[in-house]
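Commentary on secondary and tertiary structure
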Amino acid sequence: MIHSAASSMASPLCTWLVAACMSVTCHTDRAGTPKAALRSSKRSRRTKALPANTSQLNMRLISSLYGSSIQGLISSFEPCDDYCNTHNAFSSLFRSTTPNRRHTRLNKLSHSGKTMAVAVEPAHEVTATKKPPTKQRRVVVTGLGVVTPLGHEPDVYYNNLLDGVSGISEIETFDCAEYPTATFVLNILCFQRIAGEIKSFSTDGWVAPKLSKRMDKFMLYLLTAGKKALVDGGITEDVMDELNKEKCGVLIGSAMGGMKVFNDAIEALRVSYKKMNPFCVPFATTNMGSAILAMDLGWMGPNYSISTACATSNFCILNAANHIIRGEADVMLCGGSDAAIIPIGLGGFVACRALSQRNTDPTKASRPWDINRDGFVMGEGAGVLLLEDLEHAKKRGATIYAEFLGGSFTCDAYHVTEPRPDGAGVILCIEKALAQSGVSKEDVNYINAHATSTPAGDLKEFQALLHCFGQNPELRVNSTKSMIGHLLGAAGGVEAVATVQAIRTGWVHPNINLENPDQGVDAKVLVGSKKERLDIKAALSNSFGFGGHNSSIIFAPYK
């Protein structure tokens with residue numbers, strides 16, 4: 001009730017309190033020291049003297065009503081606009097709520113009037129200055145790095161996409177016989193045996209052998225793809241020495257994190273905790289990939305991880321670009337990495353009934369927008385972009401692949417796994433991305449869709465795309481997942497690389513397995529079974545995740 005009363009008195013108390021504070025500061029000697037502060041606190045307690053002025057009496061009244069500290073009072077209302085400059089002083093004085101010796105001393109000072117005098121004085125000495133307006137910084141892509149089922153170099157990966165090669169095959173790293181799909185076909189139990197699995201991968205020259213043995217694959221993919229993006233971007237040792245490390249950052253996320261490291265730790269614990277990998281906890285967390293890469297490079301700028309399920313990479317890319325736009329970084333490595341093709345990962349998605357059951361024909365299993373699609377196919381890998389401030393890139397003579405124009409996020413706020421039926425979340429996300437980037441709907445003529453090959457998801461996204469871009473006769477739409485499966489948190493990263501490669505080459509890759517388009521889609525806007533030439537004006541890449549996370553990012557040719 002006291003808190004409620006304080007809240008209702010916010011406006012008059014604000015004016016009254018500031019006036020009281022100002023009156024305390026007025027009673028100072030010529031040296032600027034409050035007279036109340038010159039009195040001996042011991043003598044004051046001994047004689048029980050009344051306050052020397054009205055302001056001190058007011059402060060004691062406040063103290064009796066709201067506690068020994070006025071912290072509760074201050075937090076119950078917002079400061080008046082006219083006195084917002086004193087906010088930092090207040091917050092610094094009342095930062096701690098721990099009843100330690102320092103806190104007790106501050107409480108005593110608040111009774112004597114000293115605290116208020118100190119809090120208000122800086123307002124007379126320090127004037128708030130607004131940061132002068134600066135020209136909007138432009139963000140460009142100067143490097144690409146990938147680890148995928150179709151290759152570990154950007155050109156190899158994209159050429160395989162253009163040729164319509166499928167990277168989906170039977171799983172080889174473990175026995176899948178114990179993980180059935182959710183249906184019976186001809187009374188024979190089907191087993192989940194397919195994925196976009198990486199068959200051949202080496203960390204030689206990219207990751208120290210000792211770490212390579214202990215790390216989860218999602219981290220190994222991340223470190224390798226990140227360093228390859230640097231090499232692709234022309235960041236040699238000499239260039240690295242010239243970089244301002246404080247303005248270089250890493251923002252590479254993961255949806256699943258170190259699942260195998262954590263699962264192995266659980267199995268080891270069954271024997272003894274002494275058998276556990278001592279790094280099982282840090283190497284299982286999603287942030288540690290970015291952290292280790294930054295340690296390796298000595299980059300001290302923005303460094304963290306975002307995890308928003310299958311929208312992870314797009315969230316990371318947009319936030320990395322924003323760090324550059326705000327001047328907090330000049331260079332950012334960003335994207336996503338995941339390696340969930342292990343028994344617990346596969347079993348979890350089988351339990352969700354989300355996976356394709358087309359085990360007898362792996363290369364035909366992932367078929368976005370086809371009427372016979374029956375679920376997605378899991379994939380693994382990493383996709384990383386090297387984003388850079390335009391002027392910084394030009395100064396070092398970097399090759400610019402494309403320009404990042406902007407993007408947006410929204411939430412469906414509807415269901416854990418299902419898309420919103422009316423597509424409102426996706427439509428809002430796309431429209432906000434267009435507004436934020438200053439791109440018109442007519443200029444977007446290529447879309448790398450999320451399109452996972454699920455019955456509901458593909459159709460709802462397509463309807464949203466037609467709602468936003470249906471009047472554009474040049475529009476072409478494809479899905480990279482038709483060939484590499486769904487890389488979960490890494491999906492947006494490898495698809496962003498494909499989008500940039502489409503801008504660079506002037507070719508968009510086909511949609512394989514689109515043999516009989518769903519009745520709810522317009523096949524005229526979908527890329528066919530062969531690659532197509534396209535002069536891209538602006539390209540949109542979508543990623544959506546469990547929990548209703550929607551993300552859209554936009555690239556364009558650099559001009």
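Residues numbered from 1 in each chain as written. Predicted model: local features only at pLDDT ≥ 70, side-chain atom pairs only at ≥ 80, totals over all residues. Heavy atoms only, no water.

Just so we agree on the cut-off: UniProt positions are given in the numbering used here, feature names are shortened, and annotations may be inferred rather than shown by experiment.
The name an unreviewed UniProt entry assigns to the protein is beta-ketoacyl-[acyl-carrier-protein] synthase I, from the organism Arachis hypogaea. The record held by UniProt for the protein lists under Sequence similarities (unreviewed entry) the comment "Belongs to the thiolase-like superfamily. Beta-ketoacyl-ACP synthases family."

**Concerning the side chain of Thr203**
This is how it is decided: Each helix is a run of DSSP H or I of at least 4 residues and each strand a run of E of at least 2, with the numbering of both proceeding from the N terminus. Whether a residue is buried, partly exposed or exposed follows from its accessible area with a 1.4 Å probe, protein chains only, as a fraction of its type maximum: under 20%, in between, or over 50%, in that order. A contact between two residues is defined here by any heavy atoms of the two lying within 4.5 Å.
Positionally, Thr203 belongs in the loop between strand S5 (194-195) and helix H12 (209-214). The buried category is assigned to Thr203, whose relative accessible area is 10%. Those residues in contact with Thr203 that lie beyond four places of it in its chain are Ser212, Leu220 and Thr224.

**What about the pairing of strand S10 (residues 444-448)?**
Which entries qualify depends on this criterion: By the convention used here, strands pair only if DSSP detects at least 2 bridges between them.
Burial analysis of S10 places five of its five residues in the buried class, which makes it a mostly covered element. Here S10 runs beside strand S14 (residues 538-545); their pairing, made up of four bridges, is parallel. Counterpart to Ile447 in the pairing with S14 is Leu540. Bridge analysis of S10 against strand S11 (residues 476-478) gives three bridges, and the strand direction is parallel. Within S11, the position partnered with Ile447 by the bridge is Val477.

**Side note on helix H20 (residues 424-437)**
Just so we agree on the cut-off: How far a helix is expected to stretch is found by multiplying one less than its residue total by 1.5 Å.
Look at H20: 20 Å from first C-alpha to last across 14 residues, which is about the 20 Å you get at 1.5 Å a residue. Within the span of H20, buried status applies to Gly425, Val426, Ile427, Cys429, Ile430, Ala433, Leu434 and Ser437. In this structure, the buried side of H20 is in contact with strand S9 (402-411), S10, helix H21 (455-469), S14 and strand S15 (549-556). Note on H20: the residue one or two positions beyond its end, Gly438, has a positive phi of about 75°.

**A few points about the sheet that holds S10**
This is how the line gets drawn: Structural elements are reduced to axes, namely lines fitted to C-alpha atoms, with helices fitted over the stretch in contact, and the angle between N-to-C directions of any two is expressed from 0 to 180 degrees.
The strand order across the open sheet formed by nine strands is S6-S7-S8-S1-S9-S15-S14-S10-S11, and the pairing between neighbours is mixed. Each edge of the sheet is formed by a strand with only one pairing partner; in this case those strands are strand S6 (248-253) and S11. Put simply, the sheet's adjacent strands are angled 25° from each other on average, direction ignored. Sheet strands in contact with helix H16 (residues 288-297) are S6 and strand S7 (331-338), and its direction is about 155° off that of S6.

**Concerning the nonpolar core**
What counts, and what does not: Only buried residues count toward a nonpolar core. Its members are Ala, Val, Leu, Ile, Met, Phe, Trp, Tyr and Cys residues joined through side-chain atoms within 4.5 Å.
In terms of nonpolar packing, the biggest core is built from 48 residues, with Tyr157, Leu385, Leu387 and Phe555 touching the most fellow members. With eight residues, helix H23 (residues 491-505) is the single largest residue contributor to this core. The contact partners of Tyr157, leaving out residues within four places of it in the chain, are Val146, Thr148, Leu150, Gly151, Thr480, Ile484, Val494, Glu495, Val497 and Ala498. Counting 36 residues, the second-largest nonpolar core is a separate cluster that includes Met215, Leu230, Ala265 and Met288.

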